[in-house]
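Results of the structural survey
Chain by chain, the residues:
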2 protein chains.
Amino acid sequence: MAVNAMEQIMSDLLFEYKQALQMSCTCDECLNDVLALVLNRVQPRYVTDDGKIAYVKAEFIDKQQMTTLIVKLAESAKMVSDMPRCRRFERGE
Amino acid sequence: MAVNAMEQIMSDLLFEYKQALQMSCTCDECLNDVLALVLNRVQPRYVTDDGKIAYVKAEFIDKQQMTTLIVKLAESAKMVSDMPRCRRFERGE
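As the structure is a computational prediction, the values presented were derived from the model and not from experiment.

So, about the relation of the copies chain B and chain A. When chain B is fitted to chain A, the best match, at an RMSD of 0.0 Å, comes from turning it 180 degrees and sliding it 0.0 Å along the axis. Such values leave the two copies arranged in the relation of a two-fold axis. Among all C-alpha atoms of chain B, that of Pro44 of chain B lies closest to the rotation axis, at 3.4 Å.

In structure tokens, the structure reads:
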């Protein structure tokens, strides 16, 4: 089944930078909101099977391209952090 | 986990129009190639869970939006049909 290589790439980046992003909440719901938000803002890179994700990943070894992704991730993380919608936040925990 | 609602929408469209697209080969590999190709050409619509796919689907009840998707699907189907890469075609079946 066709799969968007950016899902794996952005998910890895999110966990790598989770602390550095300094979000007000890092529950699964909020991380999932960040992922959905950033994946709607980056060009999809669908490949026809998981094995081909590595080829797309290799393209992002280029510093400039990776920086662009990190900036978009940080923007999405800020939006979620500024207005968390997770149940934990609603209960004021 | 975040999911791209367009995967379901395009997959449904592909099976609905499979005959009308008149592809030279409609094996799973070729259909998967069409899906990957068209999903790289339409704006992703990630939602945070499967239950929300229906909301995105509802937006495409609008004729004009749906027509745009079908045109992109037909373009992708033509590209795959003109240059199939599936094993069946390589064996000249």
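Along the polypeptide, Asp33 of chain A turns up in helix H2 (residues 28–39). With relative accessibility at 10%, the residue Asp33 of chain A sits in the buried group. A polar atom in the side chain of Asp33 of chain A sits 3.3 Å from the side chain of Arg85 of chain A. Other than its neighbours up to four places away in sequence, Asp33 of chain A contacts Val80 and Arg85 of chain A together with Thr48 of chain B.

All right, on to the pattern of salt bridges then. Residue and element names in this part refer to chain A. Scanning the entire structure with this criterion turns up 10 salt bridges over all chains. A salt bridge links Arg85 to Asp33, with the shortest nitrogen-to-oxygen separation between them at 3.3 Å. Within this pair, whereas Arg85 is found in the loop between helix H4 (63–82) and helix H5 (87–90), its partner Asp33 is found in helix H2, the two being separated by 52 residues in sequence. A relative accessible area of 52% means that Arg85 is categorised as exposed.

Here we take up the interface of chain B and chain A. Taken together, the contacts link 17 residues of chain B with 17 residues of chain A. Across the contact surface, chain B and chain A share 0 salt bridges. Summed over the shared surface of chain B and chain A, the number is 14 residue pairs in polar contact (both at pLDDT 80 or more). For the side of chain B that touches chain A, the secondary structure elements donating two or more residues are helix H2 (28–39) and strand E2 (46–47) of chain B. Broken down by element, the residue count for the side of chain B that touches chain A peaks at 5 residues, all from H2 of chain B. When its residues are assigned to classes, the side of chain B that touches chain A shows 9 nonpolar, 5 polar and 3 charged.

All names here are of chain A. The backbone of Gln22 shows a phi angle near 50 degrees, a positive value even though the residue is not glycine. Locating Gln22 in the fold gives a position in the loop between helix H1 (5–16) and H2. By relative accessible area, Gln22 is classed as exposed at 69%.

Residues and elements named next belong to chain B. Two numbers describe how helix H1 (residues 5–17) lies on helix H4 (residues 63–82): the axes approach to 11 Å, and their chain directions differ by 70 degrees. Regarding the angle of H1 to H4, the classification is roughly perpendicular. The chirality of how H1 crosses H4 is right-handed. Of H4, the residues touching H1 (which contributes Met6, Ile9, Met10, Leu13, Leu14 and Tyr17) are Met66, Leu69, Ile70 and Leu73.

What follows concerns the nonpolar core. The biggest cluster of nonpolar side chains holds 60 residues, and the ones touching the most others in it are Met6 and Met10 of chain A together with Met6 and Met10 of chain B. Residues in contact with Met10 of chain B, not counting those within four places in the same chain, are Leu35, Val38, Leu39, Leu69 and Leu73 of chain B.

What follows concerns the side chain of Glu7 of chain A. Here Glu7 of chain A lies in helix H1. Of the side chains bearing the opposite charge, Lys57 of chain A lies closest to the buried Glu7 of chain A, which forms no salt bridge; the N-O distance is 12 Å. Excluding residues within four positions of it along the chain, Glu7 of chain A makes contact with Leu39 of chain A together with Met1, Ala2, Glu7 and Tyr46 of chain B.

Calculation criteria
- Residues numbered from 1 in each chain as written.
- Chains lettered and ligands numbered in written order.
- Predicted model: local features only at pLDDT ≥ 70, side-chain atom pairs only at ≥ 80, totals over all residues.
- Heavy atoms only, no water.
- Least-squares fit on C-alpha atoms with pLDDT ≥ 70 in both.
- Helix = DSSP H or I, 4+ residues; strand = E, 2+ residues; numbered from the N terminus.
- Buried < 20%, exposed > 50% of the residue type's maximum accessible area, 1.4 Å probe, protein only.
- Polar contact = N/O pair within 3.5 Å; in protein donor to acceptor, adjacent residues only side chain to side chain.
- Contact = heavy atoms within 4.5 Å.
- Salt bridge = Lys/Arg side-chain N within 4 Å of Asp/Glu carboxyl O.
- Nonpolar A, V, L, I, M, F, W, Y, C, P; charged D, E, K, R; others polar.
- Axes fitted to C-alpha atoms, helices over the stretch in contact; angles between N-to-C directions.
- Parallel < 35°, antiparallel > 145°, perpendicular 65-115°, else oblique.
- Left-handed = near helix turned anticlockwise from the far one by under 90°.
- Core = buried A, V, L, I, M, F, W, Y, C linked by side-chain atoms within 4.5 Å.
- Lys, Arg positive; Asp, Glu negative; His and termini not counted.

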